Amino acid sequence: DGGITQSPKYLFRKEGQNVTLSCEQNLNHDAMYWYRQDPGQGLRLIYYSQIVNDFQKGDIAEGYSVSREKKESFPLTVTSAQKNPTAFYLCASSVQGNGELFFGEGSRLTVL
Amino acid sequence: AQSVTQPDIHITVSEGASLELRCNYSYGATPYLFWYVQSPGQGLQLLLKYFSGDTLVQGIKGFEAEFKRSQSSFNLRKPSVHWSDAAEYFCVGSQGNLIFGKGTKLSVKP
């Protein structure tokens, strides 16, 4: 079945550590996105990529980094520079241009 | 500025009652419009979408939405709510970039 796979589902890290969240899709979609979700704030865009080897900052990119070396993969690194990293992170993909997103199941990051 | 507004943060309805979730948009031209549903701890699932044409859009799980240009609205409806509909619902607009509403949490009373 085609879809988006995020891992790990739950992740704990100590302050000062970097952590990488995985996102893989087999939908052959060009565009991929990372969102952060906090209670009462909806979804906020961190980074997006419309093509391999290219990505753009979203609304809250500070303290995060991404790469897009393969069409099917778009990992997100939460760096130690992110002041409040505890959140639910969602990866999504779409066919270029129409805005219809397909989401993964999410990764919940807790900083101890 | 472009925006998508969901005026209701939390709604409670009784099982079997009808449901309407409100969504208003502000764009220069008519955007693509979407409704997504999110169960706790899960990703978002597309319920329905409006690109153009018929203003009444049918979706999955018995949901429908009506696009009203004069009111800049795209409200989600369901004639009879089931307990499994309890979730958070997001209205999304797209005109190049995607804009999410803040979401409406739906609780269902037995």
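Predicted model only: the values in this text are computed from it and were never measured. (Residues numbered from 1 in each chain as written. Chains lettered and ligands numbered in written order. Predicted model: local features only at pLDDT ≥ 70, side-chain atom pairs only at ≥ 80, totals over all residues. Heavy atoms only, no water.)

Quick notes on the pattern of salt bridges
Residue and element names in this part refer to chain B.
Okay, so step 1: Following the criterion strictly, the structure yields eight salt bridges over all chains and no others.
Okay, so step 2: A salt bridge links D8 to R22, with the nearest nitrogen and oxygen atoms 2.9 Å apart. Of the two residues, D8 is situated in the loop between β1 (3-5) and β2 (10-14) and R22 in the loop between β3 (19-21) and β4 (24-26); the sequence distance between them amounts to 14 residues.
Okay, so step 3: The salt bridge partner of R77 is E64, with a shortest N-O separation of 3.2 Å. Of this pair, R77 sits in strand β9 (residues 73-78) while E64 sits in strand β8 (residues 64-68); the two residues are 13 residues apart in sequence, bridging distant segments of the chain.
Okay, so step 4: On the basis of relative accessibility, which here comes to 22%, the residue R77 falls in the partly exposed class. (Salt bridge = Lys/Arg side-chain N within 4 Å of Asp/Glu carboxyl O. Helix = DSSP H or I, 4+ residues; strand = E, 2+ residues; numbered from the N terminus. Buried < 20%, exposed > 50% of the residue type's maximum accessible area, 1.4 Å probe, protein only.)

Some points on the interface of chain B and chain A
Okay, so step 1: Residue-level contacts link 17 residues of chain B with 17 residues of chain A.
Okay, so step 2: In this assembly, chain B packs against chain A so that about 1300 Å² is buried in total across both faces, 55% of it on carbon and sulfur atoms.
Okay, so step 3: Among the residues of chain B in contact with chain A, B:L44, B:L98 and B:F100 are the three that bury the most area, contributing 32% of the side total.
Okay, so step 4: Where chain B packs against chain A, one counts one salt bridge.
Okay, so step 5: Taken together, the links from chain B to chain A amount to four residue pairs in polar contact (both at pLDDT 80 or more).
Okay, so step 6: Put simply, the parts of the chain that give the side of chain B that touches chain A at least two residues each are β5 (32-38), β6 (44-50), β10 (87-95) and β11 (97-100) of chain B.
Okay, so step 7: Top contributing element to the side of chain B that touches chain A by residue count: β5(B), with four residues.
Okay, so step 8: The residue inventory of the side of chain B that touches chain A, partitioned by class, reads nine nonpolar, six polar and two charged. (Contact = heavy atoms within 4.5 Å. Buried area = accessible area lost by both parts, 1.4 Å probe. Polar contact = N/O pair within 3.5 Å; in protein donor to acceptor, adjacent residues only side chain to side chain. Nonpolar A, V, L, I, M, F, W, Y, C, P; charged D, E, K, R; others polar.)

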